[in-house]
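Here's the letter readout for the chains.
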Amino acid sequence: MTYTLDHVLERYPQLKSIANTLEAARDLMVKKAQEGKLFLVAGNGGSSADADHIVGELMKSFVRKRPIEDAIARQLSEIGGDAGSRIASNLEGAVQAICLSSHHALSTAFMNDVDPSLVYAQQVYGYGNPGDLFIGISTSGNAQNVLNAALVARAKGLSVLGLTGESGGALTEHCDVCIQVPERETFKVQELHLPIYHWLCIEIEAALWS
């Protein structure tokens, strides 16, 4: 499937004003995926659902087949026989990604015992390594838990990609790339985030499984 930036801009012409930023975000994400880096994705409310959605598109096939590595497939067949071959034929290639709002036991424990505003920061500290990518989604750009996570990401040498509304908020100061969609109302911002991250995931998939 071919789904280019031109296709996105034709369907959502209001995004033409940030086309250069979208290309920069694509280049950053494709580079990190090709390097085998971990994507850590976080947001609140609807943006938390978007974070989970992004991880779902990255961790399995999206619009094209993603066969696993031949060496792993052979190893599975040797170890497991027919069962191993069946597993190998059904596994799909993945971009390593974690939605930080999905770990309820960890999150509620940390929120109760320490500081709710640092729950994403704690996970970035625990999971992140230099060169990985933190993706912070905040329609205002001012969600404190996302900002704190971005600060930890920078301190640990991760790259930071932001998805925000038009103003960008404080998050813009901590991003390598910040996608500031040209809307201000929360639901309208989120409506534009979805086609953007769908396109980004398609671009990553095309780069890794052409």
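Notes on the structure in this doc start here.

About the thresholds
Residues numbered from 1 in each chain as written. Predicted model: local features only at pLDDT ≥ 70, side-chain atom pairs only at ≥ 80, totals over all residues. Heavy atoms only, no water. Helix = DSSP H or I, 4+ residues; strand = E, 2+ residues; numbered from the N terminus. Rg over C-alpha atoms; globule rule 2.2 N^0.38 Å. Buried < 20%, exposed > 50% of the residue type's maximum accessible area, 1.4 Å probe, protein only. Contact = heavy atoms within 4.5 Å. Areas by Shrake-Rupley, 256 points an atom, 1.4 Å probe, with all protein chains shown as cover. Lys, Arg positive; Asp, Glu negative; His and termini not counted. Charge placed at Lys NZ, Arg CZ, Asp CG, Glu CD. Expected span 1.5 Å × (residues − 1). Axes fitted to C-alpha atoms, helices over the stretch in contact; angles between N-to-C directions. Parallel < 35°, antiparallel > 145°, perpendicular 65-115°, else oblique. Left-handed = near helix turned anticlockwise from the far one by under 90°. Nonpolar A, V, L, I, M, F, W, Y, C, P; charged D, E, K, R; others polar. Pairing = 2+ DSSP bridges.

Details of the overall build of the protein chain
Thinking step 1. Along the protein chain, the regular secondary structure elements total 8 helices and 5 strands.
Thinking step 2. When the helices and strands of the protein chain are listed from N to C terminus, the series reads α-α-β-α-α-β-α-α-β-α-β-β-α.
Thinking step 3. What you see for the protein chain is a C-alpha radius of gyration of 18 Å, in line with the 17 Å of a compact globule of 210 residues.
Thinking step 4. Of all 210 residues assigned to the protein chain, the portion counted as buried reaches 45%.
Thinking step 5. In the protein chain, once contacts between residues fewer than 6 apart in sequence are set aside, the share between residues at least 24 apart is 71%.
Thinking step 6. Per element, the accessible surface of the protein chain, about 10100 Å² overall, is 50% carbon and sulfur.
Thinking step 7. The distance from the centre of the 16 positive side-chain charges to the centre of the 24 negative ones in the protein chain is 3 Å.

Structural notes on helix α3 (residues 46-58)
Thinking step 1. In this model, α3 (13 residues) spans 19 Å end to end at C-alpha, consistent with the 18 Å of a helix rising 1.5 Å per residue.
Thinking step 2. When we look at burial in α3, the residues that qualify are Ser47, Ser48, Asp50, Ala51, Ile54, Val55, Glu57 and Leu58.
Thinking step 3. Elements in contact with the buried residues of α3: β1 (39-42), β2 (97-99), β3 (133-137), β4 (159-164) and α8 (186-208).

Overview of helix α2 (residues 19-34)
Thinking step 1. Compared with an ideal rise of 1.5 Å per residue, which puts 16 residues at 22 Å, α2 spans 22 Å between its outermost C-alpha atoms and is within 8% of the ideal.
Thinking step 2. Of the positions making up α2, those classed as buried are Ala19, Leu22, Ala25, Leu28, Met29, Val30, Lys32 and Ala33.
Thinking step 3. Packed against the buried residues of α2 are α1 (5-11), β1, β3, β4, β5 (177-180) and α8.
Thinking step 4. Where α2 terminates, the next one or two residues include Gly36, which has phi positive at roughly 75 degrees.

Examining the packing of helix α6 (residues 119-127) against helix α7 (residues 144-156)
Thinking step 1. Where α6 contacts α7, the axes come no closer than 7 Å and their chain directions differ by 20 degrees. Taken together, the axes of α6 and α7 are roughly parallel relative to one another. The interaxial crossing formed by α6 with α7 has right-handed handedness. When α6 is examined against α7, the residues Tyr120, Ala121, Val124 and Tyr125 are found in contact with a partner set consisting of Asn145, Val146, Asn148, Ala149, Val152, Ala153 and Lys156.
Thinking step 2. In terms of residue class, the contact of α6 with α7 is made up of 8 nonpolar, 2 polar and 1 charged.

Here's the deal with the sheet that holds β4
Where strands meet in a sheet, backbone hydrogen bonds hold them as pairs that are either parallel or antiparallel.
Thinking step 1. With respect to topology, 5 strands assemble into an open sheet ordered β2-β1-β3-β4-β5, the strand pairing being parallel. On the outer flanks of this sheet lie β2 and β5, each paired with one strand and no other. Direction aside, neighbouring strands of the sheet carry axes that sit 15 degrees apart on average.
Thinking step 2. Bridge count between β4 and β5: 4 bridges; the pairing is parallel. Of the residues in β5, the one forming a bridge with Leu163 is Ile179.
Thinking step 3. Strands β1, β2, β3 and β4 of the sheet are contacted by α3, whose axis makes an angle of about 155 degrees with β2.

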